[in-house]
Amino acid sequence: MRFFSLKRLGLVVLLVIAFGLFLFITTHARAFSASSGENSSAVSPPNWAVAELGSLAPNPVVTPPPPKTEPCLSCHILGQNKGLWTPLGRWILFGGLGLVFAFGVYRSASTWVTRSPWKPLNKRAAEWVDDRYQISEPLTKILKKPVPKYATAWFYCLGGITAFLFVVQGITGILLAFYYKPTPEAAYASILFIETQVNFGSSIRAIHHWCANGMIVMCVAHMIRVFVMGAYKRPRELNWVSGVLLLILTLVFGFTGYLLPWDQRAFWATTVGSEIAGAIPAIGDLALIFLRVGWNVSGETLSRFYALHVIIVPLATLAFMFAHFLMIRKQGIAKPL
Amino acid sequence: MSEDQLKKEDTIPFYPDHVKTEFYVVLGVLAVVLIIAIIGLINPVGVGEPADPLNTPAHVKPEWYFLSLYQILKKIPPMVLGIEGKVLGVVIPIILVGIILLWPFLDTKPDKSRKVYWIRMALAFATLVIIIALTIWGEVS
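Thresholds, definitions, all that
- Residues numbered from 1 in each chain as written.
- Chains lettered and ligands numbered in written order.
- Predicted model: local features only at pLDDT ≥ 70, side-chain atom pairs only at ≥ 80, totals over all residues.
- Helix = DSSP H or I, 4+ residues; strand = E, 2+ residues; numbered from the N terminus.
- Rg over C-alpha atoms; globule rule 2.2 N^0.38 Å.
- Buried ≥ 20, exposed ≤ 12 C-beta atoms within 10 Å, placed from the backbone.
- Contact = placed C-beta atoms within 7 Å.
- Pairing = 2+ DSSP bridges.
- Domains from an automatic or database assignment.

A. The arrangement of the overall build of chain B in detail. Scanning chain B from N- to C-terminus turns up five helices and three strands. Listing every helix and strand of chain B by position from the N terminus yields β-α-α-β-β-α-α-α. For chain B, whose C-alpha radius of gyration is 23 Å, the value lies well above the compact-globule estimate of 14 Å for 141 residues. In terms of overall dimensions, chain B has C-alpha extents of about 65 × 50 × 20 Å along its principal axes. When burial is assessed residue by residue, chain B has 11% of its 141 residues classed as buried.

Set out below in C-alpha coordinates:
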(Lines give C-alpha, C1' and ligand atoms only; values in the text may rest on other atoms or scores of the structure.)
Protein backbone atom coordinates (compact mmCIF):
# COMPACT_ATOMS: atom_id res chain seq x y z
CA MET A 1 0.00 0.00 0.00
CA ARG A 2 1.74 3.12 -1.26
CA PHE A 3 0.30 6.30 0.17
CA PHE A 4 2.37 8.66 -1.85
CA SER A 5 5.07 8.55 -4.43
CA LEU A 6 8.24 9.63 -2.68
CA LYS A 7 9.88 10.47 -5.97
CA ARG A 8 7.25 12.97 -7.04
CA LEU A 9 6.81 14.46 -3.59
CA GLY A 10 10.57 14.87 -3.24
CA LEU A 11 10.66 16.62 -6.57
CA VAL A 12 7.92 19.02 -5.52
CA VAL A 13 9.63 19.77 -2.21
CA LEU A 14 12.95 20.34 -4.01
CA LEU A 15 11.25 22.69 -6.46
CA VAL A 16 9.64 24.65 -3.64
CA ILE A 17 12.97 24.91 -1.80
CA ALA A 18 14.75 25.99 -4.99
CA PHE A 19 12.10 28.61 -5.68
CA GLY A 20 12.28 29.84 -2.11
CA LEU A 21 16.06 30.05 -2.24
CA PHE A 22 15.88 31.96 -5.49
CA LEU A 23 13.41 34.41 -4.01
CA PHE A 24 15.48 34.74 -0.86
CA ILE A 25 18.67 35.44 -2.77
CA THR A 26 17.08 37.90 -5.13
CA THR A 27 15.10 39.79 -2.52
CA HIS A 28 17.09 39.37 0.66
CA ALA A 29 19.79 41.92 -0.05
CA ARG A 30 17.13 44.56 -0.59
CA ALA A 31 15.05 43.42 2.34
CA PHE A 32 17.31 45.27 4.74
CA SER A 33 18.30 48.09 2.47
CA ALA A 34 15.33 50.18 3.51
CA SER A 35 16.56 50.37 7.10
CA SER A 36 20.33 50.51 6.70
CA GLY A 37 21.71 50.25 3.20
CA GLU A 38 19.99 53.11 1.49
CA ASN A 39 20.30 55.44 4.49
CA SER A 40 24.06 55.05 4.59
CA SER A 41 24.40 55.85 0.93
CA ALA A 42 22.04 58.79 1.17
CA VAL A 43 23.72 62.04 2.06
CA SER A 44 22.77 62.94 5.61
CA PRO A 45 22.51 66.63 6.39
CA PRO A 46 25.73 67.92 7.89
CA ASN A 47 25.49 68.32 11.62
CA TRP A 48 27.13 71.71 12.12
CA ALA A 49 26.80 71.55 15.86
CA VAL A 50 28.74 68.32 15.99
CA ALA A 51 31.32 69.61 13.55
CA GLU A 52 31.95 72.65 15.72
CA LEU A 53 31.98 70.55 18.83
CA GLY A 54 34.39 68.14 17.19
CA SER A 55 36.87 70.88 16.64
CA LEU A 56 36.68 71.74 20.33
CA ALA A 57 35.99 68.59 22.25
CA PRO A 58 37.78 65.26 21.83
CA ASN A 59 34.61 63.23 22.25
CA PRO A 60 31.92 64.64 19.94
CA VAL A 61 28.35 63.82 20.71
CA VAL A 62 27.00 61.67 17.88
CA THR A 63 23.47 62.53 16.90
CA PRO A 64 21.12 59.63 17.51
CA PRO A 65 19.78 57.82 14.44
CA PRO A 66 16.36 58.94 13.24
CA PRO A 67 13.47 57.14 14.93
CA LYS A 68 12.41 54.00 13.05
CA THR A 69 9.20 54.22 11.09
CA GLU A 70 6.35 52.13 12.31
CA PRO A 71 7.20 48.49 11.56
CA CYS A 72 4.64 46.53 9.59
CA LEU A 73 5.37 42.84 9.81
CA SER A 74 2.76 41.75 7.28
CA CYS A 75 4.05 44.33 4.79
CA HIS A 76 7.56 43.03 5.33
CA ILE A 77 6.58 39.39 4.86
CA LEU A 78 4.58 40.18 1.74
CA GLY A 79 7.44 42.32 0.45
CA GLN A 80 5.11 45.19 -0.30
CA ASN A 81 7.85 47.81 -0.36
CA LYS A 82 10.32 45.85 -2.47
CA GLY A 83 9.34 46.13 -6.08
CA LEU A 84 6.54 44.89 -8.27
CA TRP A 85 7.21 41.16 -8.45
CA THR A 86 8.30 40.35 -4.89
CA PRO A 87 4.77 40.32 -3.42
CA LEU A 88 3.56 37.95 -6.14
CA GLY A 89 6.51 35.63 -5.58
CA ARG A 90 5.90 35.58 -1.84
CA TRP A 91 2.17 35.01 -2.28
CA ILE A 92 2.95 32.03 -4.50
CA LEU A 93 5.61 30.66 -2.14
CA PHE A 94 3.72 31.01 1.13
CA GLY A 95 0.35 30.28 -0.42
CA GLY A 96 1.76 27.14 -2.05
CA LEU A 97 3.29 25.98 1.20
CA GLY A 98 -0.01 26.63 2.96
CA LEU A 99 -1.89 24.62 0.34
CA VAL A 100 0.58 21.73 0.68
CA PHE A 101 0.11 21.84 4.45
CA ALA A 102 -3.68 21.96 4.20
CA PHE A 103 -3.61 19.10 1.71
CA GLY A 104 -1.48 17.02 4.09
CA VAL A 105 -3.85 17.66 6.97
CA TYR A 106 -6.86 16.77 4.83
CA ARG A 107 -5.22 13.60 3.57
CA SER A 108 -4.23 12.43 7.03
CA ALA A 109 -7.66 13.19 8.42
CA SER A 110 -9.39 11.55 5.47
CA THR A 111 -7.43 8.29 5.68
CA TRP A 112 -7.97 8.29 9.43
CA VAL A 113 -11.71 8.84 9.23
CA THR A 114 -12.53 6.58 6.28
CA ARG A 115 -10.03 3.84 7.21
CA SER A 116 -9.26 3.31 3.55
CA PRO A 117 -6.22 4.06 1.39
CA TRP A 118 -5.91 7.53 -0.04
CA LYS A 119 -7.06 8.03 -3.63
CA PRO A 120 -4.98 10.45 -5.69
CA LEU A 121 -6.57 13.80 -6.47
CA ASN A 122 -6.54 13.41 -10.25
CA LYS A 123 -8.39 10.09 -9.93
CA ARG A 124 -10.93 11.74 -7.64
CA ALA A 125 -11.41 14.60 -10.08
CA ALA A 126 -11.86 12.20 -13.00
CA GLU A 127 -14.40 10.16 -11.03
CA TRP A 128 -16.24 13.31 -9.96
CA VAL A 129 -16.57 14.52 -13.56
CA ASP A 130 -17.38 11.09 -14.96
CA ASP A 131 -20.04 10.54 -12.31
CA ARG A 132 -21.85 13.61 -13.57
CA TYR A 133 -21.18 13.69 -17.32
CA GLN A 134 -20.24 10.07 -18.26
CA ILE A 135 -17.46 11.45 -20.42
CA SER A 136 -14.77 8.81 -20.04
CA GLU A 137 -16.24 6.25 -22.43
CA PRO A 138 -16.65 8.54 -25.45
CA LEU A 139 -13.36 10.22 -24.61
CA THR A 140 -11.54 6.89 -24.61
CA LYS A 141 -13.17 6.06 -27.92
CA ILE A 142 -11.97 9.35 -29.38
CA LEU A 143 -8.48 9.05 -27.98
CA LYS A 144 -7.94 5.39 -28.81
CA LYS A 145 -9.10 5.75 -32.39
CA PRO A 146 -6.61 3.85 -34.53
CA VAL A 147 -4.44 5.88 -36.87
CA PRO A 148 -3.19 3.97 -39.93
CA LYS A 149 0.56 3.49 -40.02
CA TYR A 150 0.88 4.98 -43.52
CA ALA A 151 -0.34 8.27 -42.05
CA THR A 152 2.86 8.66 -40.02
CA ALA A 153 5.01 9.56 -43.05
CA TRP A 154 6.47 13.05 -42.83
CA PHE A 155 4.32 14.64 -45.54
CA TYR A 156 1.18 13.95 -43.53
CA CYS A 157 2.18 16.55 -40.92
CA LEU A 158 1.94 19.56 -43.26
CA GLY A 159 -1.73 20.22 -42.54
CA GLY A 160 -1.14 19.84 -38.81
CA ILE A 161 1.70 22.37 -38.97
CA THR A 162 -0.63 24.79 -40.75
CA ALA A 163 -3.21 24.37 -37.99
CA PHE A 164 -0.57 24.88 -35.31
CA LEU A 165 0.73 28.00 -37.06
CA PHE A 166 -2.84 29.31 -37.00
CA VAL A 167 -2.80 28.89 -33.22
CA VAL A 168 0.55 30.71 -33.06
CA GLN A 169 -0.93 33.51 -35.18
CA GLY A 170 -3.93 33.70 -32.87
CA ILE A 171 -1.82 34.03 -29.73
CA THR A 172 0.66 36.54 -31.13
CA GLY A 173 -2.20 38.42 -32.78
CA ILE A 174 -3.98 38.81 -29.45
CA LEU A 175 -0.73 40.04 -27.89
CA LEU A 176 -0.32 42.60 -30.67
CA ALA A 177 -3.96 43.69 -30.37
CA PHE A 178 -3.26 44.74 -26.77
CA TYR A 179 -1.13 47.60 -28.11
CA TYR A 180 -2.35 48.22 -31.65
CA LYS A 181 -4.69 51.14 -32.36
CA PRO A 182 -6.67 50.92 -35.62
CA THR A 183 -6.92 54.60 -36.48
CA PRO A 184 -4.93 56.37 -39.21
CA GLU A 185 -3.52 58.81 -36.64
CA ALA A 186 -2.36 56.23 -34.11
CA ALA A 187 -1.75 53.01 -36.08
CA TYR A 188 1.76 53.83 -37.28
CA ALA A 189 2.81 55.17 -33.88
CA SER A 190 1.42 52.12 -32.09
CA ILE A 191 3.44 49.81 -34.37
CA LEU A 192 6.53 51.85 -33.57
CA PHE A 193 5.63 51.59 -29.88
CA ILE A 194 5.35 47.79 -30.17
CA GLU A 195 8.66 47.61 -32.00
CA THR A 196 10.64 49.80 -29.64
CA GLN A 197 8.96 50.07 -26.22
CA VAL A 198 7.01 46.90 -25.49
CA ASN A 199 9.01 44.08 -23.92
CA PHE A 200 9.70 41.52 -26.64
CA GLY A 201 7.31 43.46 -28.88
CA SER A 202 9.58 43.15 -31.89
CA SER A 203 9.81 39.39 -31.25
CA ILE A 204 6.05 39.02 -31.18
CA ARG A 205 5.65 41.07 -34.32
CA ALA A 206 8.41 39.11 -36.09
CA ILE A 207 6.70 35.83 -35.17
CA HIS A 208 3.34 37.14 -36.39
CA HIS A 209 4.88 38.40 -39.62
CA TRP A 210 7.00 35.37 -40.53
CA CYS A 211 4.54 32.73 -39.35
CA ALA A 212 1.92 34.34 -41.59
CA ASN A 213 4.21 33.70 -44.54
CA GLY A 214 5.00 30.22 -43.23
CA MET A 215 1.30 29.45 -42.88
CA ILE A 216 0.69 30.20 -46.55
CA VAL A 217 3.68 28.08 -47.58
CA MET A 218 2.52 25.17 -45.41
CA CYS A 219 -1.05 25.54 -46.65
CA VAL A 220 0.09 25.29 -50.27
CA ALA A 221 2.44 22.39 -49.46
CA HIS A 222 -0.41 20.51 -47.79
CA MET A 223 -2.65 21.23 -50.77
CA ILE A 224 -0.04 19.88 -53.22
CA ARG A 225 0.36 16.76 -51.10
CA VAL A 226 -3.38 16.13 -51.13
CA PHE A 227 -3.57 16.86 -54.85
CA VAL A 228 -0.71 14.57 -55.82
CA MET A 229 -1.94 11.68 -53.71
CA GLY A 230 -5.49 12.06 -54.97
CA ALA A 231 -6.84 12.34 -51.44
CA TYR A 232 -9.58 14.68 -52.67
CA LYS A 233 -11.46 11.94 -54.51
CA ARG A 234 -14.74 10.43 -53.42
CA PRO A 235 -15.78 10.55 -50.56
CA ARG A 236 -13.58 13.49 -49.57
CA GLU A 237 -14.69 16.15 -52.08
CA LEU A 238 -16.04 18.57 -49.47
CA ASN A 239 -12.83 18.30 -47.51
CA TRP A 240 -10.96 19.62 -50.53
CA VAL A 241 -13.50 22.43 -50.99
CA SER A 242 -13.21 23.47 -47.33
CA GLY A 243 -9.41 23.29 -47.65
CA VAL A 244 -9.35 25.61 -50.67
CA LEU A 245 -11.66 28.01 -48.81
CA LEU A 246 -9.24 27.90 -45.88
CA LEU A 247 -6.37 28.81 -48.22
CA ILE A 248 -8.40 31.73 -49.58
CA LEU A 249 -9.16 32.84 -46.01
CA THR A 250 -5.44 32.66 -45.20
CA LEU A 251 -4.73 34.91 -48.18
CA VAL A 252 -7.46 37.31 -46.99
CA PHE A 253 -5.70 37.33 -43.62
CA GLY A 254 -2.52 38.35 -45.42
CA PHE A 255 -4.26 41.03 -47.49
CA THR A 256 -6.12 42.63 -44.58
CA GLY A 257 -3.20 42.35 -42.17
CA TYR A 258 -0.85 44.05 -44.60
CA LEU A 259 -2.69 47.38 -44.33
CA LEU A 260 -2.64 47.56 -40.53
CA PRO A 261 0.84 49.14 -40.04
CA TRP A 262 -0.45 52.08 -42.13
CA ASP A 263 2.84 52.79 -43.83
CA GLN A 264 3.42 53.79 -47.46
CA ARG A 265 3.85 50.20 -48.67
CA ALA A 266 0.69 49.04 -46.89
CA PHE A 267 -1.39 51.99 -48.04
CA TRP A 268 -0.49 51.72 -51.72
CA ALA A 269 -0.56 47.93 -51.83
CA THR A 270 -4.12 48.10 -50.50
CA THR A 271 -4.99 50.85 -52.97
CA VAL A 272 -3.76 48.71 -55.85
CA GLY A 273 -5.28 45.52 -54.42
CA SER A 274 -8.75 47.02 -54.03
CA GLU A 275 -8.39 48.53 -57.49
CA ILE A 276 -7.91 45.00 -58.84
CA ALA A 277 -11.10 43.96 -57.04
CA GLY A 278 -12.75 46.95 -58.69
CA ALA A 279 -11.88 45.53 -62.14
CA ILE A 280 -14.20 42.54 -61.68
CA PRO A 281 -16.89 42.90 -64.31
CA ALA A 282 -20.39 43.93 -63.17
CA ILE A 283 -19.82 43.83 -59.40
CA GLY A 284 -16.41 45.53 -59.42
CA ASP A 285 -17.57 48.86 -58.05
CA LEU A 286 -19.53 47.14 -55.30
CA ALA A 287 -16.45 45.11 -54.31
CA LEU A 288 -14.32 48.25 -54.36
CA ILE A 289 -16.74 50.17 -52.13
CA PHE A 290 -17.12 47.21 -49.82
CA LEU A 291 -13.34 46.99 -49.36
CA ARG A 292 -12.59 50.70 -49.13
CA VAL A 293 -15.80 51.97 -47.50
CA GLY A 294 -15.96 54.78 -50.03
CA TRP A 295 -13.97 55.55 -53.15
CA ASN A 296 -10.64 56.05 -51.42
CA VAL A 297 -8.56 54.16 -48.90
CA SER A 298 -9.12 56.03 -45.62
CA GLY A 299 -9.50 55.54 -41.90
CA GLU A 300 -12.75 53.69 -42.54
CA THR A 301 -10.85 51.19 -44.66
CA LEU A 302 -8.42 50.64 -41.82
CA SER A 303 -11.25 50.01 -39.35
CA ARG A 304 -12.93 47.62 -41.74
CA PHE A 305 -9.74 45.69 -42.46
CA TYR A 306 -9.03 45.50 -38.74
CA ALA A 307 -12.48 44.06 -38.03
CA LEU A 308 -12.08 41.59 -40.89
CA HIS A 309 -8.58 40.65 -39.75
CA VAL A 310 -9.27 40.10 -36.04
CA ILE A 311 -12.91 39.01 -35.90
CA ILE A 312 -14.62 37.91 -39.09
CA VAL A 313 -11.88 36.01 -40.91
CA PRO A 314 -10.66 34.21 -37.75
CA LEU A 315 -14.21 33.10 -36.95
CA ALA A 316 -14.76 31.88 -40.50
CA THR A 317 -11.39 30.12 -40.45
CA LEU A 318 -12.23 28.42 -37.17
CA ALA A 319 -15.57 27.26 -38.54
CA PHE A 320 -14.03 25.81 -41.69
CA MET A 321 -11.17 24.25 -39.71
CA PHE A 322 -13.68 22.57 -37.44
CA ALA A 323 -15.55 21.18 -40.45
CA HIS A 324 -12.26 20.14 -42.06
CA PHE A 325 -11.13 18.21 -38.96
CA LEU A 326 -14.54 16.69 -38.33
CA MET A 327 -14.65 15.30 -41.85
CA ILE A 328 -11.12 13.89 -41.54
CA ARG A 329 -12.11 12.30 -38.26
CA LYS A 330 -15.24 10.76 -39.74
CA GLN A 331 -13.74 9.51 -43.00
CA GLY A 332 -10.21 8.75 -41.89
CA ILE A 333 -7.02 9.57 -43.76
CA ALA A 334 -7.06 8.56 -47.42
CA LYS A 335 -5.15 5.39 -48.15
CA PRO A 336 -2.37 5.81 -50.72
CA LEU A 337 -2.15 3.29 -53.53
CA MET B 1 -11.27 3.24 -47.29
CA SER B 2 -12.16 3.91 -43.71
CA GLU B 3 -10.07 2.80 -40.81
CA ASP B 4 -12.57 0.23 -39.62
CA GLN B 5 -11.44 -2.02 -42.44
CA LEU B 6 -7.78 -1.76 -41.42
CA LYS B 7 -6.11 -4.55 -39.54
CA LYS B 8 -5.05 -3.88 -35.99
CA GLU B 9 -1.33 -4.30 -36.70
CA ASP B 10 -1.50 -1.69 -39.47
CA THR B 11 -2.55 1.04 -37.06
CA ILE B 12 -1.26 2.90 -34.04
CA PRO B 13 -3.56 4.33 -31.38
CA PHE B 14 -4.24 8.05 -31.71
CA TYR B 15 -3.36 8.54 -28.06
CA PRO B 16 -0.63 8.32 -26.89
CA ASP B 17 1.39 7.15 -29.94
CA HIS B 18 0.20 9.50 -32.65
CA VAL B 19 -0.23 12.44 -30.27
CA LYS B 20 3.40 11.96 -29.27
CA THR B 21 4.61 12.26 -32.86
CA GLU B 22 2.45 15.33 -33.36
CA PHE B 23 3.84 16.75 -30.13
CA TYR B 24 7.38 16.41 -31.47
CA VAL B 25 6.33 18.15 -34.68
CA VAL B 26 4.85 20.98 -32.59
CA LEU B 27 8.08 21.19 -30.59
CA GLY B 28 10.02 21.49 -33.84
CA VAL B 29 7.77 24.30 -35.05
CA LEU B 30 8.12 26.00 -31.66
CA ALA B 31 11.90 25.83 -31.98
CA VAL B 32 11.63 27.62 -35.33
CA VAL B 33 9.28 30.18 -33.71
CA LEU B 34 11.85 30.74 -30.97
CA ILE B 35 14.57 31.33 -33.57
CA ILE B 36 12.26 33.82 -35.32
CA ALA B 37 11.69 35.55 -31.96
CA ILE B 38 15.44 35.93 -31.41
CA ILE B 39 15.91 37.20 -34.96
CA GLY B 40 13.05 39.64 -34.29
CA LEU B 41 14.90 41.03 -31.30
CA ILE B 42 18.08 41.56 -33.30
CA ASN B 43 16.53 42.53 -36.61
CA PRO B 44 12.91 43.74 -36.22
CA VAL B 45 10.42 43.56 -39.08
CA GLY B 46 10.18 47.35 -39.01
CA VAL B 47 7.83 49.75 -40.75
CA GLY B 48 8.33 51.91 -43.79
CA GLU B 49 7.48 55.55 -44.22
CA PRO B 50 4.13 56.57 -42.70
CA ALA B 51 1.24 56.43 -45.17
CA ASP B 52 0.77 59.52 -47.30
CA PRO B 53 -2.30 59.47 -49.57
CA LEU B 54 -0.97 62.40 -51.59
CA ASN B 55 2.40 60.86 -52.45
CA THR B 56 2.41 57.76 -54.66
CA PRO B 57 5.69 55.83 -54.43
CA ALA B 58 7.39 54.83 -57.69
CA HIS B 59 7.21 51.05 -57.23
CA VAL B 60 4.06 49.66 -55.64
CA LYS B 61 4.30 45.94 -54.98
CA PRO B 62 1.94 43.64 -53.09
CA GLU B 63 3.08 40.85 -50.79
CA TRP B 64 4.92 37.99 -52.48
CA TYR B 65 1.89 35.68 -52.50
CA PHE B 66 -0.08 38.13 -54.64
CA LEU B 67 2.89 39.08 -56.77
CA SER B 68 2.25 36.48 -59.50
CA LEU B 69 -1.35 37.62 -59.94
CA TYR B 70 -0.21 41.23 -59.96
CA GLN B 71 2.43 40.44 -62.56
CA ILE B 72 -0.16 38.84 -64.86
CA LEU B 73 -2.29 41.94 -64.50
CA LYS B 74 0.64 44.24 -65.17
CA LYS B 75 1.97 42.46 -68.24
CA ILE B 76 -1.30 41.58 -69.95
CA PRO B 77 -1.78 43.65 -73.15
CA PRO B 78 -4.50 46.30 -72.95
CA MET B 79 -6.74 44.56 -75.47
CA VAL B 80 -6.94 40.77 -75.97
CA LEU B 81 -9.41 39.43 -78.56
CA GLY B 82 -11.60 42.45 -78.16
CA ILE B 83 -11.83 42.12 -74.38
CA GLU B 84 -10.19 44.61 -72.10
CA GLY B 85 -6.95 43.11 -70.75
CA LYS B 86 -7.54 44.29 -67.20
CA VAL B 87 -10.89 42.50 -67.01
CA LEU B 88 -9.31 39.37 -68.46
CA GLY B 89 -6.48 39.53 -65.90
CA VAL B 90 -9.03 39.54 -63.09
CA VAL B 91 -11.51 37.07 -64.52
CA ILE B 92 -8.99 34.37 -65.49
CA PRO B 93 -7.55 33.98 -61.96
CA ILE B 94 -11.08 33.88 -60.52
CA ILE B 95 -12.02 31.12 -62.98
CA LEU B 96 -8.80 29.24 -62.15
CA VAL B 97 -9.54 29.44 -58.42
CA GLY B 98 -13.08 28.26 -59.15
CA ILE B 99 -11.70 25.28 -61.07
CA ILE B 100 -9.35 24.44 -58.19
CA LEU B 101 -12.22 24.80 -55.72
CA LEU B 102 -14.43 22.40 -57.66
CA TRP B 103 -11.63 20.10 -58.83
CA PRO B 104 -12.90 16.96 -57.03
CA PHE B 105 -16.16 17.24 -58.96
CA LEU B 106 -14.31 17.49 -62.28
CA ASP B 107 -11.84 14.66 -61.66
CA THR B 108 -14.09 11.91 -60.36
CA LYS B 109 -12.43 8.77 -61.73
CA PRO B 110 -10.97 6.68 -58.90
CA ASP B 111 -7.22 6.13 -59.11
CA LYS B 112 -6.17 2.83 -60.61
CA SER B 113 -2.40 2.84 -60.16
CA ARG B 114 0.47 4.89 -58.82
CA LYS B 115 1.13 6.24 -62.31
CA VAL B 116 -1.47 8.99 -61.84
CA TYR B 117 0.56 10.27 -58.90
CA TRP B 118 3.37 11.14 -61.27
CA ILE B 119 1.03 12.77 -63.76
CA ARG B 120 -0.51 14.93 -61.05
CA MET B 121 2.92 15.63 -59.56
CA ALA B 122 4.08 16.92 -62.94
CA LEU B 123 0.93 19.06 -63.22
CA ALA B 124 1.43 20.53 -59.74
CA PHE B 125 5.13 21.06 -60.42
CA ALA B 126 4.44 22.87 -63.68
CA THR B 127 1.88 25.14 -62.02
CA LEU B 128 4.26 25.85 -59.18
CA VAL B 129 7.12 26.67 -61.57
CA ILE B 130 4.91 29.09 -63.51
CA ILE B 131 3.79 30.81 -60.29
CA ILE B 132 7.34 31.01 -58.91
CA ALA B 133 8.65 32.34 -62.23
CA LEU B 134 5.96 35.04 -62.30
CA THR B 135 6.73 35.91 -58.66
CA ILE B 136 10.46 36.25 -59.34
CA TRP B 137 9.73 38.27 -62.46
CA GLY B 138 7.49 40.55 -60.41
CA GLU B 139 10.12 40.82 -57.69
CA VAL B 140 12.98 41.89 -59.97
CA SER B 141 10.99 44.08 -62.37
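B. Inspection of the overall build of chain A at higher detail. In terms of helices and strands, chain A carries 14 helices and one strand. Expressed as a percentage of the 337 residues in chain A, the buried residues total 24%. Put simply, 67% of the contacts in chain A that link residues at least 6 apart link residues at least 24 apart.

C. The arrangement of the environment of Gly 40 of chain B in detail. Looking at where Gly 40 of chain B falls in the secondary structure, it is placed in helix 1 (residues 14-42). A residue is classified by how many C-beta atoms lie within 10 Å of it, and Gly 40 of chain B, with 22 of them, is buried. Separated by 96 residues in the primary sequence, Gly 40 of chain B and Ile 136 of chain B have C-alpha atoms spaced 25 Å apart. When near neighbours in sequence (up to four residues on either side) are disregarded, Gly 40 of chain B contacts Ser 202, Ser 203, Arg 205, Ala 206 and Ile 207 of chain A together with Val 45 of chain B.

D. The interface of chain A and chain B, seen in detail. Taken together, the contacts link 60 residues of chain A with 58 residues of chain B. The biggest single contributor to the side of chain A that touches chain B is helix 10 (residues 201-228) of chain A, with 12 residues. Two elements, strand 1 (residues 146-148) of chain A and strand 1 (residues 11-13) of chain B, share three bridges in a ladder whose sense is antiparallel. When the sheet's bridge partners are listed, Pro 146 of chain A is paired in strand 1 of chain B with Pro 13 of chain B.

E. Layout of the environment of Met 218 of chain A. Residues and elements named next belong to chain A. Secondary-structure assignment places Met 218 in helix 10. For Met 218, a count of 23 C-beta atoms within 10 Å translates into the label buried. Taking C-alpha positions, Met 218 is 9.0 Å from Leu 165, a pair spaced 53 residues apart along the chain. In contact with Met 218, not counting residues within four places along its chain, are Leu 158, Ile 161, Thr 162 and Leu 165.

F. A look at the environment of Ala 177 of chain A. Residue position: Ala 177 of chain A is located in helix 8 (residues 158-177). Separated by 133 residues in sequence, Ala 177 of chain A and Val 310 of chain A have C-alpha atoms that sit 8.6 Å apart.

G. Molecular detail of the domain arrangement of chain B. Here chain B is partitioned into domain 1 (1-46) and domain 2 (58-141). On a C-alpha basis, the centroid separation for the pair domain 1 of chain B and domain 2 of chain B is 31 Å.

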